[in-house]
Amino acid sequence: MAHASCWAVGSRTGKNADAPLRGIVETARTEPLLAAGSRPSNTPIVLFLVFGACFGLATYNHRHLFSEGPTQATKSTGSEALMGRRLWAAICTFLWPLMALTGLYSWWRLSRRAKAVQANKR
């Protein structure tokens, strides 16, 4: 227990100054976080990011539905369109759950508006 004395708290000194911490230090040294031979899985994180990037690439033409800004998509060509698509994919890679929720809200709001317009025409 040579290293246990470095865990003493405050100005406590003496033989048993680190007694409450001995169990914690010993447990941390002897119990591994993972079972022997196992590795942490990055699969959920990778799937989250890949799905987000695919979501961004698939929804680029409808990106105006995910904001309160413009009501129609602007047409762009060339490198401007490529950079815009890359930026949208990068944003959606990390924020796709929020983008999906805002997209569902926009879809609900627009369908409600379309029903109101249809009812007024009758």
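None of these values were measured; they are calculated from a predicted model.

Taken together, the side chains of Leu 87, Ile 91, Phe 94, Leu 95, Leu 98, Leu 101, Leu 104, Tyr 105, Trp 107 and Trp 108 define a hydrophobic patch exposed on the protein surface, amounting to about 1100 Å² of accessible area. Tracing the backbone through its elements, the reader meets Phe 94 in helix α3 (residues 79-121).

On inspection of all chains with the given rule, the structure shows three aromatic pairs. Between Phe 48 and Trp 96, the ring centres sit 5.3 Å apart and the planes meet at 45°, which makes this aromatic pair tilted. Of this pair, Phe 48 sits in helix α2 (residues 43-59) while Trp 96 sits in helix α3; the two residues are 48 residues apart in sequence, bridging distant segments of the chain. Look at Phe 48 and you get partly exposed, because its relative accessible area is 33%. With centroids separated by 5.9 Å and ring planes inclined at 40°, the aromatic side chains of Tyr 105 and Trp 108 adopt a geometry described as tilted. Within this pair, Tyr 105 and its partner Trp 108 are both found in helix α3, separated by three residues, close to a single helical turn. Tyr 105 sits in the partly exposed class, given a relative accessible area of 45%. A connected cluster of aromatic rings, assembled from ring pairs, spans Phe 48, Phe 51 and Trp 96.

Attention shifts here to the confidence of the model for the chain. Put simply, the chain has an average pLDDT of 77, and 65% of its residues get 70 or more. α2 holds the highest mean pLDDT among the elements of the chain, 93, whereas helix α1 (residues 19-30) holds the lowest, 60.

In this model, α3 (43 residues) spans only 43 Å end to end at C-alpha, well below the 63 Å of a helix rising 1.5 Å per residue. A maximum bend of about 95° is found in α3 at Leu 95, where proline Pro 97 lies one to four positions downstream. Buried within α3 we find Ala 81, Trp 88, Ala 89, Cys 92, Thr 93, Trp 96, Met 99, Gly 103 and Ser 106. Residues of α3 that are buried sit in contact with α2.

A few words now on the side chain of Thr 59. For Thr 59, the position within the fold is in helix α2. With residues up to four places along the chain from it excluded, the contact list for Thr 59 reads Phe 66, Trp 88 and Cys 92.

Parameters at a glance
Residues numbered from 1 in each chain as written. Predicted model: local features only at pLDDT ≥ 70, side-chain atom pairs only at ≥ 80, totals over all residues. Heavy atoms only, no water. Patch = residues over 30% accessible without salt bridge, like charges linked within 9 Å, V, L, I, M, F, W, Y side chains within 5 Å. Areas by Shrake-Rupley, 256 points an atom, 1.4 Å probe, with all protein chains shown as cover. Salt bridge = Lys/Arg side-chain N within 4 Å of Asp/Glu carboxyl O. Helix = DSSP H or I, 4+ residues; strand = E, 2+ residues; numbered from the N terminus. Phe/Tyr/Trp six-rings, centres within 6.5 Å; stacked < 30°, edge-to-face > 60°. Buried < 20%, exposed > 50% of the residue type's maximum accessible area, 1.4 Å probe, protein only. pLDDT = per-residue confidence, 0-100. Expected span 1.5 Å × (residues − 1). Bend = angle between axes of the 7 residues up to and from the residue. Contact = heavy atoms within 4.5 Å.

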